[in-house]
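Descriptive analysis of the structure
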Number of protein chains: 2
Amino acid sequence: MPKVAVILSGCGVKDGAEIHEAVSALLSITRRGAEYVCYAPDKTQHDVVDHLKQAPVAGEQRNVLVESARIARGEVRDLAEFDPAEVDALVIPGGFGSAKNLSDYALQGPTATPDPHVARAVRAMHAAGKPVGAICISPTVVAAVFQGTEVKPRLTIGSDPGTAGHLRDMGAEHVECAADDCIVDETNRIVSTPAYMSARNIAEVYTGIDRLVEEVLKLA
Amino acid sequence: MPKVAVILSGCGVKDGAEIHEAVSALLSITRRGAEYVCYAPDKTQHDVVDHLKQAPVAGEQRNVLVESARIARGEVRDLAEFDPAEVDALVIPGGFGSAKNLSDYALQGPTATPDPHVARAVRAMHAAGKPVGAICISPTVVAAVFQGTEVKPRLTIGSDPGTAGHLRDMGAEHVECAADDCIVDETNRIVSTPAYMSARNIAEVYTGIDRLVEEVLKLA
C-alpha cells in the first residue's frame, strides 16, 4: 500500500491548512487504496484568525503541529522527523497556513522563503524521484523551495494573474487549469490543482484533489 | 435545490465537531445537488483539548461558533437564529463537541440535557415533518431531546454496548449498523450512521455519511 505524507499547516483556511482541502486529500488517498501519514512543523503559527469575524486575534498564540492534530485526529508527526525513505509521495494542502507557516509567501510574495523543514522535505522527495502534490496556494511553497536552482517546476494555481506572475518571478512556469483538473509536471514529478483558488464549492475541490491524488499515485 | 442545515459543535474530534465527519457531510450534501448552511451555538466550549497530547488545556477558552467557523470557512450562523422554515433537513456530525457542547452526554450519560437551541431546532424539524440526520455520537443528542416525550426514535451508534444501552435508557430504540450503512426511522424521519463510532478509516466514514445524506434527502 503506497504511503503518502501530507504536510498540514494548522487548522482553518485563514491561519492554517484549509480544512476541506486537507480532508479531501486524506479521503481521496484512502479511497484510492493508499495510506496517509500527516506531518506539520512544530512552531508557533504566524497568527491566529477569528474565522467568524475574519480578523486576527491580538495576543493569541497557537502551535502549527498542535492545531494540525485536530485534522489528523491526533496522528501527526513533527516535520523535523520527516524521512523521505518512509513514504512514496508527498501532498501539501492549501489555506493561508501554507502561505504563512510553510513559507512566508503571504507576506513576502515572490521573495518568499520556505520553512526549512518543508524545504528539506520537498527537496528530498524531488531528489529521490518521488512525486509531490501541491494544492491551492501551495505551489508557491514549491516554487519558493526551488527558486534560484536549476529546477523549474511547471505549476498551476488556477488562473489568478497576480499569483501566477509571482510563480513566474520565482522561476516556475505557470499553466492555467480548471478547479476540477490538475497539471502534471512529468519532468519534476510535481502535480498541482487550484482547489479553492478557483473552485466554487467543496464538490469541485474534492474532484480536483482526487484527480491530483490519482496522478500523484501514478508517479509513486 | 434542497437546503440542509448542519449543526457544528466546534472544530476537532476531542472538543468539537469531528472534522472528517463534518467535511464528509458538507461534501456529500454538495455532491448530491443540495446546499448546506452551517449553524453552531454561540457559547464557550466545554473544554479545549490539545489534540497532539490528547489532554485538556487548563485555562484556555474557545467559543463553539467561532471555532466552527473554521470548518465552515466563516459561513456559519448562530444556532439561536435557526428557523426550520428556511431549511429542508438538518444534519448533526459527531465528535466530542456533540457530547460536550450540543448536550452534556459526555458528562451525564443517559441523564444528559441538550443545549436549548439544539433542542429547539431538532423539535421544530420533527414537528414540521422534516428529516434529521445524526452522525456518530449525535444520536445521543437526538435521544436526549426526545427523552420523556412520546417520540421514541430508532437510532444507531454502531455496536458499542455501553452507548447503545444509554440510548435505550433515554427511551430510544437502538439498532446495530455497519459503518458504511445507516438506519432510517421512517416514522420519525430520523437517519443515523455510526461513522467513527465504528469506522476503521475516513473512507468508511464518508461512505456511511453519504448513505445518510442520500436517505435524508429522500425524506426532505
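Note that the structure is predicted; figures quoted are calculated from it, not measured.

A look at the state of the cysteines
Summed over the entire model, instances satisfying the criterion amount to zero disulfides over all chains. With no disulfide of its own, Cys-11 of chain A lies 3.6 Å from the sulfur of Cys-11 of chain B, the closest cysteine sulfur. Residue Cys-11 of chain A is classed as buried on the basis of its relative accessible area, which comes to 2%. Left unpaired, Cys-136 of chain A is separated from the closest cysteine sulfur, that of Cys-177 of chain A, by 12 Å. On the accessibility criterion, Cys-136 of chain A (7% relative accessible area) is buried.

Some points on the relation of the copies chain B and chain A
With an axial shift of 0.0 Å and an RMSD of 0.0 Å, the rotation relating chain B to chain A amounts to 180°. Taken together, the turn and the small shift mark the pair as related by a two-fold rotation axis. Considering only C-alpha atoms, the part of chain B nearest the rotation axis is Val-23 of chain B, at 3.5 Å.

Quick notes on the sheet that holds strand β5 (residues 76-78) of chain B
All names here are of chain B. Taken in spatial order, the seven strands make up an open sheet running β5-β2-β1-β6-β7-β11-β10, and their pairing is mixed. Sheet topology places β5 and β10 (183-185) at the edges, where each strand pairs with a single neighbour. Each adjacent strand pair in this sheet contributes to an overall mean axis angle of 25°, direction not counted. Sheet analysis places β10 next to strand β11 (residues 190-193), joined by three bridges and oriented antiparallel. In the strand pairing of β11, Asp-185 is matched with Ile-190.

Structural notes on the interface of chain B and chain A
With 35 residues of chain B in contact, the opposing surface of chain A contributes 35 residues. If you sort the residues of chain B by the area they bury against chain A, Leu-52, Arg-70 and Arg-73 of chain B come out on top, with a joint share of 24%. The interface formed by chain B and chain A contains six salt bridges. The salt bridge partner of Arg-70 of chain A is Asp-15 of chain B, with a shortest N-O separation of 2.8 Å.

Focus on the packing of helix α1 (residues 19-31) of chain A against helix α1 (residues 19-31) of chain B
In contact at an axis separation of 10 Å, α1 of chain A and α1 of chain B are set at 95° when each is read in the N-to-C sense. The angle between α1 of chain A and α1 of chain B falls in the class roughly perpendicular. Where α1 of chain A abuts α1 of chain B, its residues Ile-19, His-20, Val-23, Leu-26 and Leu-27 of chain A lie against Ile-19, His-20, Val-23, Leu-26 and Leu-27 of chain B. Among the residues making up the contact of α1 of chain A with α1 of chain B, the classes are represented as eight nonpolar, two polar and no charged.

Rules of the game
Along each chain, numbering runs from 1 in the same order as the chain's sequence is written. Key to labels: chains lettered from A, ligands numbered from 1, both in the order written. For this predicted model, a pLDDT threshold of at least 70 governs which residues receive local features, and a threshold of 80 or more governs which side-chain atom pairs are given and counted, while totals over whole chains, interfaces and linings are taken from all residues. Excluding hydrogens and water, the side-chain figures rest on all heavy atoms present in the structure. For this text, the term disulfide refers to a pair of cysteine sulfurs within 2.5 Å. Burial here depends on accessible area, computed with a 1.4 Å probe over protein chains only, as a share of the maximum for the residue type. Under 20% is buried, over 50% is exposed, and the range in between is partly exposed. To line up the copies, we fit them by least squares on C-alpha atoms, keeping just the residues with pLDDT of at least 70 in both. Here, a strand pair is defined by DSSP locating no fewer than two bridges between the strands. Helix numbers and strand numbers start at the N terminus; a helix is a DSSP run of H or I with at least 4 residues, a strand a run of E with at least 2. For helices, the fitted line uses only the C-alpha atoms of the stretch in contact; every axis is such a line through C-alpha atoms, and the angle between N-to-C directions lies from 0 to 180 degrees. Here, two residues are considered to be in contact whenever any of their heavy atoms come within 4.5 Å of each other. What counts as buried area is the accessible surface, traced by a 1.4 Å probe, that two parts surrender upon association, with contributions from both included. Counted as salt bridges are all cases of a side-chain nitrogen of Lys or Arg within 4 Å of a carboxyl oxygen of Asp or Glu. Angles below 35 degrees are treated as roughly parallel, those above 145 as roughly antiparallel, those between 65 and 115 as roughly perpendicular, and all remaining angles as oblique. The residue classification treats Ala, Val, Leu, Ile, Met, Phe, Trp, Tyr, Cys and Pro as nonpolar and Asp, Glu, Lys and Arg as charged. All others, Gly included, are polar.

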